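As a plain string of letters, each chain reads:
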Amino acid sequence: MTLPTDPAANLVSLIRCASVTPAEGGALSALEAMLKPLGFLVDRPVFSEDGTPDIENLYARRSGNGPHLMFAGHTDVVPIGDEAAWTHPPFAAEIANGEMYGRGAVDMKGGIACFIAAVARHVEANGGPKGSVSLLITGDEEGPAINGTVKLLEWAASKGERWDASIVGEPTNPDTLGDMIKIGRRGSMSGSITVNGRQGHAAYPQLADNPVRGLMSLVDALLHPVFDKGTKDFQPTNLEVTSIDVGNPATNVIPAKATATFNIRFNDSWTAETVQAEIHNRLDQAAGRKKYRPGKKTPVDYDLVWRDRPSHVFLTRDDRLVETLSGSVKAVVGKTPALSTSGGTSDARFIKDYCPVVEFGLVGKTMHMVDERVAIADLETLTRIYQRFIDDWFGQG
Ligand SMILES: [Zn+2]
């Protein structure tokens, strides 16, 4: 029996499954075929919820006597975009000039292919890691993310699964392999402000209440002053106004309503609750300002609606996990990776409620782009880093 020790071969199997979110596309079956010979018990729970597509997921565990390491990731991929623009077809896994082309090559079938190869090399060399290893793989990371990691974690935990640490294989390196480990993420929240005015003739503003004037005060208060200057582990909190809408085609009419939408990325000096309180406070104060509304006796009449659920900020404080991974990177590529909390949100924000989590995978430069591709040499290097990490984290190096 040949074990899946070659990450490039593993990745070919995965890329050839056209698992554009939410389709399974055969990708989880391909994974199952790789994992079973390694001694993993594989479950494929399907989750559903009204208004969202049913999603197939995979949880596989190889039990051992020792701590429990979870590798988390997703096999769904984003759409291919303009197929004609690809140099090599997006689901063919063709190799040219030492690079393998295909949707998901780096985000993140490549990371999964390397982790499986790392475990397989362990099994081949010494019968496998001392403790337990599991893979928690969703088919719903690039989609609405409702029937994926959140439910898979709840499902596994309800069956008694407990983890000591998790590594998420998302592409974390900006330029070269070994650049960056992610040890946390900023929080994220979005909201919409609607200002209610009174419609009227632009020549008779005293008879109307222009909501654009009120909205300008409110938006100004969101943008200034800055929320903070950053913390030891995080960049400064930042709010972006992402849209301002009035929808008024007439130049001589004062509109009745104006809205603005914003997104804030906040660091660990805040919680979702304190950010919300700060924004409410800023808006209430600004609503009474007269700068753009001289002579108006009542404050700006506005509604604020928070969109979706907030993503909470987190920082992983498990020194052994962070230092072991950092040391593994250094041992294989010769440089110490930056420990970062930059970028958008990831499924790590859900995993952090169960165990300490870090993120490390391939180079993200081509993710979500036409001609997504990965250097074959990087696949080998990442496999060796994961292998080394397994050695050191289980303490059998
Ligand atoms: Zn991803």
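Before any of the text, the structure's been laid out above.
Residues numbered from 1 in each chain as written. Predicted model: local features only at pLDDT ≥ 70, side-chain atom pairs only at ≥ 80, totals over all residues. Heavy atoms only, no water.

**Considerations on the overall build of the chain**
Just so we agree on the cut-off: Each helix corresponds to a stretch of at least 4 residues labelled H or I by DSSP, and each strand to a stretch of at least 2 residues labelled E; elements are numbered beginning at the N terminus. Relative accessibility thresholds used throughout: buried, under 20% of the residue-type maximum; exposed, over 50%; partly exposed, between the two (1.4 Å probe, protein chains only). Here, residues are in contact when the closest pair of their heavy atoms is within 4.5 Å. Accessible surface area values rest on a Shrake-Rupley calculation with a 1.4 Å probe, where residue burial reflects the displayed protein chains alone. All tallies of charge rest on Lys and Arg as positive and Asp and Glu as negative; His and the ends of each chain are not included. The location of each charge is read from NZ of Lys, CZ of Arg, CG of Asp or CD of Glu.
Looking only at helices and strands, the chain features nine helices and 21 strands. Its C-alpha atoms give the chain principal-axis dimensions of about 85 × 45 × 40 Å. Counting every position in the chain, which comprises 397 residues, the buried fraction comes to 53%. Long-range contacts, defined as pairs at least 24 residues apart, comprise 80% of the intrachain contacts of the chain with a sequence gap of at least 6. Only carbon and sulfur atoms are counted for the fraction: they give 51% of the accessible area of the chain, which is about 17000 Å². In the chain, which carries 40 positive and 49 negative side-chain charges, the distance between the mean positions of the two groups comes to 6 Å.

**Details of the coordination of the zinc ion**
Under the convention used in this document: A donor here means any N, O or S atom no more than 2.8 Å from the metal (3.2 Å for Na, K and Ca); water is not included, so a site may seem to lack partners. The rule is simple: four donors are tetrahedral if all their angles sit between 85 and 135 degrees, four are square planar and six octahedral if opposite donors span more than 155 degrees and the others lie between 65 and 115, and anything that fits none of that is irregular.
For the zinc ion, the protein coordination sphere consists of His74 (NE2), Asp107 (OD), Glu170 (OE) and Glu170 (OE), at 1.8 to 2.7 Å. Between the four donor atoms coordinating the zinc ion, the angles at the centre fall across 53 to 144°, so the site counts as irregular. Each donor residue of the zinc ion lies on the same chain, and together they follow the pattern H-x32-D-x62-E. Linking His74 in strand S5 (residues 68–74) with Asp107 in the loop between strand S7 (99–101) and helix H3 (109–126), this pair joins segments that are 33 residues apart in sequence. Here His74 falls in the buried class, since its relative accessible area comes to 0%.

By themselves, these figures tell us nothing about what the structure is for.
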